[in-house]
Amino acid sequence: MALNLIGIGLNDEKDISLKGLEMVKGSEIVYLESYTSKLECSVADLERLYGKKVLLADRITVDIDAEEKLLLPAKEKVVSLLIIGDSLSATTHVDLMMRAKELGVEVRIVHNASVLTAVGVTGLSLYKLGRVTSIPFDNENIEAPYDVIKENNGLHTLVLLDLWPEVGKYMTFREAVEYLLKVESKRNENVFTEDTLCVGCAKLGSAKPVIVVGKAKDLKKIGEYPQCLIVPGKMHFMEEEFINTFSL
């Protein structure tokens, strides 16, 4: 049989591709990976459109219990794992694909939109994105995101923000700014200051994405999720003109 890794897009049940929907309908077991992002629809909405019972797969299911819940069943049945965004943007899903192949399980991939491409709505060129980084909630002794911004010298830095959808906890770009300023106060390398230009994004992929542009010290909290932060590098004049339309 097979394990399907199906990207379902960023917003709601309608973002799935026709190919992905066809594969879901042909599945005997369907899971929704529920811990790396947030949809603007319910599981019931997915089930109505897909015509299938959708089980939630938390981090333990995908990482620790994958063999029991996903891989071994896929040797006898068609199992689909629905992934918000693209099916292979996260290393977790690449690891799952490798483990499946080691067990002789066929893996079928369906791609979809990802935050890595949806940030193009800001007007910043995707070709000028440097290394992507992320800020975890538990960041007291972590400075790697600051280092990535420094090393991306001249390139745009996409900063993904931690989230725990199962408990309704989401990091805001205001919190991300406060974390980076805290590291700057320790390092004093002038990599990220209160005057650093930032682009805050929320609800990317939806009909009404939230995009705000301003100095780090001026960014406000926005109550829409999930959120991410972009620290622009050297911009073309067209990029500057475009992001200025979102300025605070």
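Data block above holds the structure.
In this text, all values refer to a predicted model and were calculated from it rather than measured experimentally.

Draft legend 1. Summary view of the environment of Val79. Within the secondary structure, Val79 sits in strand 4 (residues 78-83). Of the residues examined, Val79 reaches a relative accessible area of 0% and is grouped as buried. Residues Val79 and Glu28, spaced 51 residues apart in sequence, show a C-alpha to C-alpha distance of 6.1 Å. Excluding residues within four positions of it along the chain, Val79 makes contact with Ala2, Leu3, Asn4, Ile29, Tyr31, Leu70, Pro73 and Ala74.

Draft legend 2. Here's a closer look at helix 7 (residues 144-151). If you check which residues of helix 7 are buried, you get Pro145, Tyr146, Val148 and Ile149. Looking straight down helix 7, one finds its buried side chains confined to an arc of 160 degrees; they lie on one side. Buried residues in helix 7 make contact with strand 6 (133-135), strand 7 (157-161), helix 8 (173-187) and strand 12 (227-231).

Draft legend 3. Structural detail: the environment of Lys53. Relative to the elements of secondary structure, Lys53 occurs in the loop between helix 2 (43-50) and strand 3 (55-57). Beyond its immediate stretch of four places on either side in the chain, Lys53 contacts Val30 and Glu47.

Draft legend 4. A look at unusual backbone geometry. The peptide bond linking Tyr225 to Pro226 adopts the cis configuration, its omega dihedral lying at -5 degrees. The residue Pro226 is located in the loop between strand 11 (210-215) and strand 12 in this model. Positive phi outside glycine occurs at Asn190, with the angle close to 60 degrees. Relative to the helices and strands, Asn190 is located in the loop between helix 8 and strand 10 (197-202). Of note in this structure, Lys203 is not a glycine but carries a positive phi near 55 degrees. Tracing the chain through its elements places Lys203 in the loop between strand 10 and strand 11.

Conventions and cut-offs
- Residues numbered from 1 in each chain as written.
- Predicted model: local features only at pLDDT ≥ 70, side-chain atom pairs only at ≥ 80, totals over all residues.
- Heavy atoms only, no water.
- Helix = DSSP H or I, 4+ residues; strand = E, 2+ residues; numbered from the N terminus.
- Buried < 20%, exposed > 50% of the residue type's maximum accessible area, 1.4 Å probe, protein only.
- Contact = heavy atoms within 4.5 Å.
- Arc of directions from axis to C-beta.

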